[in-house]
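# Coordinate analysis (summary)
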Amino acid sequence: MKFVLALLITAFAALSVFGQAPTLRIVTEVPNLPSELYYGNIKVKPLRLRPGTNTPITINDADFFVNQQYVDFLNRFPDQSGFNFWVNEIGSCNGNTACIDGQRNNVSGAFFLSIEFQETGYLVERLYKVSYGDAPATSTLGGQHQLSVPIVRRSEFLPDTLLMSNGVIVGQNGWQTVLENNKVAFANDFVARSRFTTAYPNSLTAAQFVDALNANAGNPLSAAERTQLINDLTNSIKTRAQVVRAVAEDQDLAGAEKNKAFVLMQYLGYLRRDPNAGQDTDYTGYEFWLQKLNSHGGDFHAAEMVRSFIVSGEYLNRF
């Protein structure tokens, strides 16, 4: 999708105490995807116009909205067939507002549930959990207390997901091979990092290694699965990287972690920040949405979670 961009500076930062004027700077998170322009600390928003017209393009437009889901959740521009499919899902409402709202929720939620995200971004989240467990956090929901939250931070999640998803477009010829090669390369790199080798020195026995991973993951392995991984590691049938991946890909873990990861991605994807960053100083908001999603059995429609994020002022203010 091609846009004609005309930069419109909507706000200016005040002069500093030293009299130095703010400077323009370009922030690029993901190579080959749209960058953002700042004047000092003030974001400069583009005025996007339909080619040959004075009609602005906004996040309320189906084509721009769909394009943004690819960027935020799959870290790539859309392939034409996928783009057409999702735009048509919204377009099928023929202007009915209630229908459009529902379809936008469906479309956006589908990106988290897609094979592409489940096998890339969600797998990255689980690899961190398996390796390092959960992180302690604070919430004031119902009174101040501690809770366990996903340990991965956006500064880690984004670059690692880019490695895992590099070149993967589900549906294109050979995507399974590209994905598998990425998984192998990423797992090998992951266990070679100093953080991992410090947490898991080579002095650990195979049983100690597997048990530590299993405990971090919430004990998803059956007794038979645990024994098999220990034997495979002992007999060099599997490497450490393969064992870590095997635990991370365990379906019991994937099911147990799904709601936590879904809520996490609302912050990492829509708001492009950690749950306790920006206007949030702790995990109160995260816990609120997790409780709501859990109470509705993981149904993000009933929980009104996706809708709440995509109509929030923080999300809309990005555009």
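Described in the following lines is the structure provided in the data block. Quantities reported herein were computed from a predicted structural model and do not represent experimental measurements.

## A short note on the pattern of salt bridges
Summed over all chains, the structure comprises 24 salt bridges. Residue Asp-79 pairs with Arg-76 through a salt bridge whose shortest N-O separation is 3.1 Å. By relative accessible area, which is 14% here, Asp-79 ends up buried. Judged by relative accessible area, which is 11%, Arg-76 ranks as buried. Here Asp-160 ties to Arg-193 by a salt bridge, and the two come within 2.9 Å at their closest N and O atoms. In this pair, Asp-160 sits in helix H6 (residues 154–165) while Arg-193 sits in the loop between helix H7 (175–192) and helix H8 (194–199), placing the two residues 33 residues apart along the sequence. Using a relative accessible area of 5% as the deciding quantity, one classes Asp-160 as buried. The exposure class assigned to Arg-193 is partly exposed, which follows from its relative accessible area of 25%. Salt bridges sharing partners connect three or more residues here, namely Glu-36, Lys-43, Asp-72, Arg-272 and Arg-318.

## A word on the packing of helix H1 (residues 62–74) against helix H3 (residues 97–113)
Closest axis-to-axis distance for the H1/H3 pair is 9 Å, and the angle between their directions is 25°. Here H1 is positioned roughly parallel relative to H3, judged by the angle of their axes. The two elements H1 and H3 cross, and the hand of that crossing is right-handed. Where H1 approaches H3, its residues Phe-65, Val-66, Gln-69, Tyr-70, Phe-73 and Leu-74 are matched on the opposing element by Arg-104, Val-107, Ser-108 and Phe-111. Looking at side-chain class alone, the contact of H1 with H3 contains seven nonpolar, two polar and one charged residues.

## Comments concerning the packing of H7 against helix H11 (residues 240–248)
Taken N-terminus to C-terminus, the directions of H7 and H11 make an angle of 110°; their axes are 8 Å apart at the nearest point. When the interaxial angle is binned, H7 and H11 end up roughly perpendicular. Seen from above, H7 lies across H11 with right-handed handedness. For the pair H7 and H11, contact is made by Glu-180, Lys-183, Val-184, Ala-187, Asn-188 and Val-191 and by Arg-240, Ala-241, Val-244 and Arg-245, respectively. Tallied by class, residues from the contact of H7 with H11 come to five nonpolar, one polar and four charged.

## As for the state of the cysteines
Within this structure, the stated rule accounts for one disulfide. Sulfur-sulfur distance for the disulfide between Cys-93 and Cys-99 comes to 2.0 Å. Between Cys-93 and Cys-99 the sulfur-sulfur dihedral comes to about -70°; the bridge is accordingly left-handed. Classification of Cys-99 as partly exposed rests on a relative accessible area of 31%.

## A few points about unusual backbone geometry
The phi dihedral of Asn-94 is positive, around 50°, even though this residue is not glycine. What makes Asn-94 exposed here is its relative accessible area of 70%. You will see that Glu-304, though not glycine, has its phi angle at about 55°, which is positive.

## Observations regarding helix H9 (residues 206–216)
Buried within H9 are the following residues: Ala-206, Phe-209, Val-210, Leu-213 and Asn-214. The buried residues of H9 all sit within an arc of 125° when viewed along its axis, so they share a single face. Buried-residue contacts for H9 involve helix H5 (121–132), H8, helix H10 (223–234) and H11. Just downstream of H9 lies Gly-218, where phi reads positive at about 90°.

## A look at the packing of aromatic side chains
One pass over the full model with this rule turns up 24 aromatic pairs. For the pair Tyr-200 and Phe-209, a centre-to-centre distance of 5.4 Å together with 80° between the ring planes defines the contact as edge-to-face. Exposure class is identical for Tyr-200 and Phe-209. Each is buried. Here Trp-289 and Phe-309 contribute two aromatic rings whose centre-to-centre distance is 5.7 Å and whose plane-to-plane angle is 55°, an arrangement assigned as tilted. Taken together, the residues Trp-289 in helix H13 (residues 284–295) and Phe-309 in helix H14 (residues 305–310) connect sequence positions 20 residues apart. Phe-309 shares its class with Trp-289; the two are buried. What links up through ring pairs into an aromatic cluster is the set Phe-64, Phe-73, Tyr-267, Tyr-270, Phe-288, Trp-289, Phe-309, Tyr-315 and Phe-319. Note that Arg-25 overlies the ring of Tyr-38, its terminal NZ or CZ placed 4.8 Å from the centroid. Here Arg-195 stacks its cationic end above the ring of Tyr-132, 3.9 Å away from the centre of that ring.

Basis of the calculations
- Residues numbered from 1 in each chain as written.
- Predicted model: local features only at pLDDT ≥ 70, side-chain atom pairs only at ≥ 80, totals over all residues.
- Heavy atoms only, no water.
- Salt bridge = Lys/Arg side-chain N within 4 Å of Asp/Glu carboxyl O.
- Buried < 20%, exposed > 50% of the residue type's maximum accessible area, 1.4 Å probe, protein only.
- Helix = DSSP H or I, 4+ residues; strand = E, 2+ residues; numbered from the N terminus.
- Axes fitted to C-alpha atoms, helices over the stretch in contact; angles between N-to-C directions.
- Parallel < 35°, antiparallel > 145°, perpendicular 65-115°, else oblique.
- Left-handed = near helix turned anticlockwise from the far one by under 90°.
- Contact = heavy atoms within 4.5 Å.
- Nonpolar A, V, L, I, M, F, W, Y, C, P; charged D, E, K, R; others polar.
- Disulfide = S-S within 2.5 Å.
- Arc of directions from axis to C-beta.
- Phe/Tyr/Trp six-rings, centres within 6.5 Å; stacked < 30°, edge-to-face > 60°.
- Lys NZ or Arg CZ within 6 Å of the ring centre and 35° of its normal.

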